Amino acid sequence: MDETRHPWWMVTAVFDPDGGGSDFAYTEGLAREGRPELHIWGRPSLGDDPGEDWCFSQRDACRILNQAAWRLLDGELAAGDSWEASYDEGFVTARFTVGEPVAADAVDAWGAGDAPVLPIAWELVRPPLGPPRPLSREAQKQAVEEYDDIVAGLVPAIVVPPGWELPRAPSWDPGQVYGPRTPLVLARAAQIWQAGSEALESILDRALVVAGHVGVGYAAAVARAAGREPGRVPALDRLERAVESVLGPADASPEHALLVGAVTTALVVEATADLLPDRVVTLGQGVVRTALTWRPLAPDGRWACSDAVAQAVVTLLSSTSGDDLLDSARTWSTHDEGESRWPVLATLWTSAAFGPEVAVQDATSPSRRGRVPSPEVRERELQASALIQDWVNDLATLLCHRPVFHPRVVDTFLECSRRVPGLAALLNQPLTHGGRT
């Protein structure tokens, strides 16, 4: 199928406001070519799994119908055909079957008029809910190291909400309230409670930026799918309720829903991180983890760009003065009030894209000349260093994910960074770099 073609028909998606699972979508316009319209329910209508906690999003349904429509127009789809597709990083499979044509009103496809409609029924296939299973030896070893690292950064006698106290001695028993990784969940939550209201504001600010560009909710869906077989779904349910008991119900306001969703997703991913690929961990925890770091550096190695990208950035910086870098960074950060950066930041925070750490000072810096700067001067130096590091991170993000950004974003970055020699060539040449799992 030619992915460069653009649909000339519409897809109408209908949302069930009562949450009963009656969401559906259908095409409008295929009948003009003498073809039936297509229809799909958001939840499965075949098989033994009713999918009470699993549903195609409107975007998913639109994509499925558009792909099926092209196959129909190409003569490659008809009643009785079937196929299957994987979702949630392969933890879920959907098996589709095209039914015989029905009248539009039989499936509530009122916009299809008198045209016949081919219903696409589907079956949800996923592992059954299993009993709680212990961590593997390697996963427990890594969990211990991560726990010790987090606790080392917490303030002594930290005050946390009731029920969120850290254990006197961590246990990795699978029957704990939040599963075998309960100590890590509590420690990660302690980082949030320790940071206080300012951190929650920062988390919300980032969630607002990310919401317009990246589907963070996908990480929570994958975590729940991954947690079925090893028996962690009940623990995830308890965790979600516990977060709401501290932050309040998610439906208080759209902004509060984003905040609760960001914190909940980060902790749900923490509870299942040993089961997930790194790209799902960065997606689900990026909003929270990057908000809790006081320097613009990767929260840990999973957020770092590839070695090839890091080397390309270092090579570029070697031929650029600190003054030129600082000027470029200031111009980029303030251009159009930062709106050009939003898609870049959303990708940076939620993927393996952070650039290498740099230490650049301008030529007149007292530190560079071997003098001890005053506190005011030192503060200005730190601010300048952070600006440059932000610019480096954004450059690395553009290099790592160049195809996903609109050319206008790249052009704006180049316009703001005209004093950096070789930047245009670097951004417009292919880089061979290893992906991360």
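The structure reproduced in this document is the subject of the present report. (Residues numbered from 1 in each chain as written. Predicted model: local features only at pLDDT ≥ 70, side-chain atom pairs only at ≥ 80, totals over all residues. Heavy atoms only, no water.)

## A closer look at helix α6 (residues 254–272)
Worth spelling out the cut-off: Secondary structure elements follow DSSP: runs of H or I of four or more residues count as helices, runs of E of two or more count as strands, with numbering from the N terminus. Helices are assigned an expected span. That span is 1.5 Å times one less than the residue count. Per-residue accessibility, obtained with a 1.4 Å probe over protein chains only, is compared with the maximum for each type, and a residue is labelled buried under 20%, exposed over 50%, and partly exposed between these values.
The end-to-end C-alpha distance of α6, which contains 19 residues, comes to 27 Å, matching closely the 27 Å that a straight helix rising 1.5 Å per residue would cover. The buried count for α6 comes to 14 of 19 residues, which makes it a mostly enclosed element.

## Quick notes on the environment of L283
If you trace the backbone, L283 turns up in helix α7 (residues 278–291). Placed 108 residues apart in sequence, L283 and G175 show a C-alpha to C-alpha distance of 27 Å.

## Looking at the sheet that holds strand β4 (residues 82–87)
The test is simple: Strands are treated as partners if at least two bridges between them are detected by DSSP. The convention used is that axes are lines fitted to C-alpha atoms, helices contributing only their stretch in contact, and that angles between N-to-C directions extend from 0 to 180 degrees. Only heavy atoms matter for contacts: two residues are in contact if any of them lie within 4.5 Å across the pair.
In space, the 6 strands of this open sheet follow the order β1-β2-β3-β6-β5-β4, with mixed pairing throughout. The outermost strands of the open sheet, each flanked by one partner alone, are β1 (10–14) and β4. Taken pair by pair, the neighbouring strands of this sheet meet at an average axis angle of 20°, ignoring direction. Here β4 pairs with strand β5 (residues 92–98) via 6 bridges, running antiparallel. Among the inter-strand pairings, S82 is bridged to a residue of β5, identified as T97. Across the sheet, helix α1 (residues 58–73) is in contact with β1, β2 (24–28), β3 (37–41), β4, β5 and β6 (117–125); its angle to β3 comes to roughly 145°.

## Notes on the pattern of salt bridges
The criterion, for reference: By salt bridge we mean one thing: a side-chain nitrogen of Lys or Arg within 4 Å of a carboxyl oxygen of Asp or Glu.
Going through the model one piece at a time under the given rule, you end up with 19 salt bridges. One salt bridge in this structure joins R5 and D74, with 2.9 Å as the shortest N-O distance. A residue pair is termed long-range when its members are at least 10 positions apart, and R5 in the segment before β1 and D74 in the loop between α1 and β4 qualify at 69 residues. Classification of R5 as partly exposed rests on a relative accessible area of 26%. Here R302 and D300 are joined by a salt bridge, their closest N and O atoms 2.8 Å apart. For R302, a relative accessible area of 16% translates into the label buried.

## Quick notes on unusual backbone geometry
Phi is positive for D88, close to 50°, though the residue is something other than glycine. With respect to the element layout, D88 can be found in the loop between β4 and β5. On the basis of relative accessible area, D88 is assigned to the buried category, the value being 7%. Even without glycine at this site, A157 takes up a positive phi of about 55°.

## Side note on the nonpolar core
Note on soluble globular proteins: their nonpolar side chains tend to be buried together. What counts is decided by this rule: Only buried residues count toward a nonpolar core, which is a set of Ala, Val, Leu, Ile, Met, Phe, Trp, Tyr and Cys residues joined through side-chain atoms within 4.5 Å.
In this structure, W164, I203, L239, V243, V263, L267 and L276 are the most contacted members of the largest nonpolar core, which totals 49 residues. Counting only elements with at least two residues in this core, the list comes to α3 (182–211), α4 (217–226), α5 (233–247), α6, α7 and α10 (342–349). Top contributing element to this core by residue count: α3, with 10 residues. In terms of nonpolar packing, the next biggest core, distinct from the first, is built from 32 residues, L398, L399, F405 and L426 among them.

## Structural notes on the pairing of β2
Where burial is concerned, most of β2 is hidden: 5 out of the 5 residues are buried. Side chains of β2 alternate between two faces, with F24, Y26 and E28 and A25 and T27 buried alike. Where β1 lies against β2, 5 bridges are found, and the strand directions are antiparallel. Each residue of the ladder has a partner; that of V11, found in β2, is T27. Sheet analysis places β2 next to β3, joined by 3 bridges and oriented antiparallel. For A25, the partnering residue across the bridge sits in β3 and is I40.

## Quick look at the packing of helix α2 (residues 137–152) against α3
Worth spelling out the cut-off: Each angle receives one of four descriptions, namely roughly parallel if under 35 degrees, roughly antiparallel if over 145, roughly perpendicular if within 65 to 115, and oblique otherwise. In this scheme the crossing of two helices becomes right-handed for a clockwise turn of the near helix relative to the far one and left-handed for an anticlockwise turn of less than a right angle.
For the pair α2 and α3, interaxial distance at closest approach is 10 Å and the crossing angle is 25°. For the element pair α2 / α3, the angle class is roughly parallel. When the axes of α2 and α3 are compared, the crossing they make is left-handed. Contact residues: α2 offers A143, E146, Y147, I150 and V151, while α3 offers P183, L184, A187, R188 and Q191.

## Re the packing of aromatic side chains
The description of an aromatic ring pair rests on the distance of the ring centres and on the angle between the ring planes. In plain terms, the rule: Two aromatic rings from Phe, Tyr or Trp, using only the six-membered ring of Trp, form a pair when their centres are within 6.5 Å; if the ring planes differ by under 30 degrees the pair is stacked, by over 60 it is edge-to-face, and anything between is tilted.
This structure, assessed with the given rule, holds 16 aromatic pairs. On the numbers, 6.1 Å between centres and 70° between planes, the contact of W54 with Y87 is edge-to-face. In this pair, W54 sits in the loop between β3 and α1 while Y87 sits in strand β4, placing the two residues 33 residues apart along the sequence. Of the residues examined, W54 reaches a relative accessible area of 10% and is grouped as buried.

## Description of the state of the cysteines
Rules: Counting rule for disulfides: a pair of cysteine sulfur atoms within 2.5 Å.
By the definition in use, this model includes 0 disulfides. No disulfide involves C55; its sulfur sits 15 Å from that of C62, the nearest cysteine.

## Things to note about the side chain of R43
Quick reminder of the rule: Counted as positive: Lys and Arg. Counted as negative: Asp and Glu, with His and the chain ends omitted from the count. Between N or O atoms, a polar contact is any pair within 3.5 Å; within protein, one atom must be a potential hydrogen donor and the other a potential acceptor, and residues adjacent in sequence are included only when both atoms are from side chains.
Structurally, R43 is set in the loop between β3 and α1. Here R43 sits buried without a salt bridge, and the closest side chain of opposite charge, D23, lies 4.8 Å off (N-O distance). A distance of 2.7 Å separates a polar side-chain atom of R43 from the backbone oxygen of G51. Residues contacting R43, with those up to four places away along its chain left out, are G19, G20, G21, P50, G51, E52, W54, C55 and W122.

## Regarding a negative patch on the surface
The condition is simple: Surface patches are drawn from residues lacking salt bridges whose relative accessible area is over 30%; two like charges belong together within 9 Å, two nonpolar side chains (Val, Leu, Ile, Met, Phe, Trp, Tyr) within 5 Å. Using a 1.4 Å probe, the Shrake-Rupley method yields the accessible areas, and only the shown protein chains count as cover for residues. Charge coordinates come from a single atom per side chain, which is NZ of Lys, CZ of Arg, CG of Asp or CD of Glu.
On the surface, a cluster of negative charge is contributed by E138, E145, D148 and D149. Within the secondary structure layout, E138 lies in helix α2.

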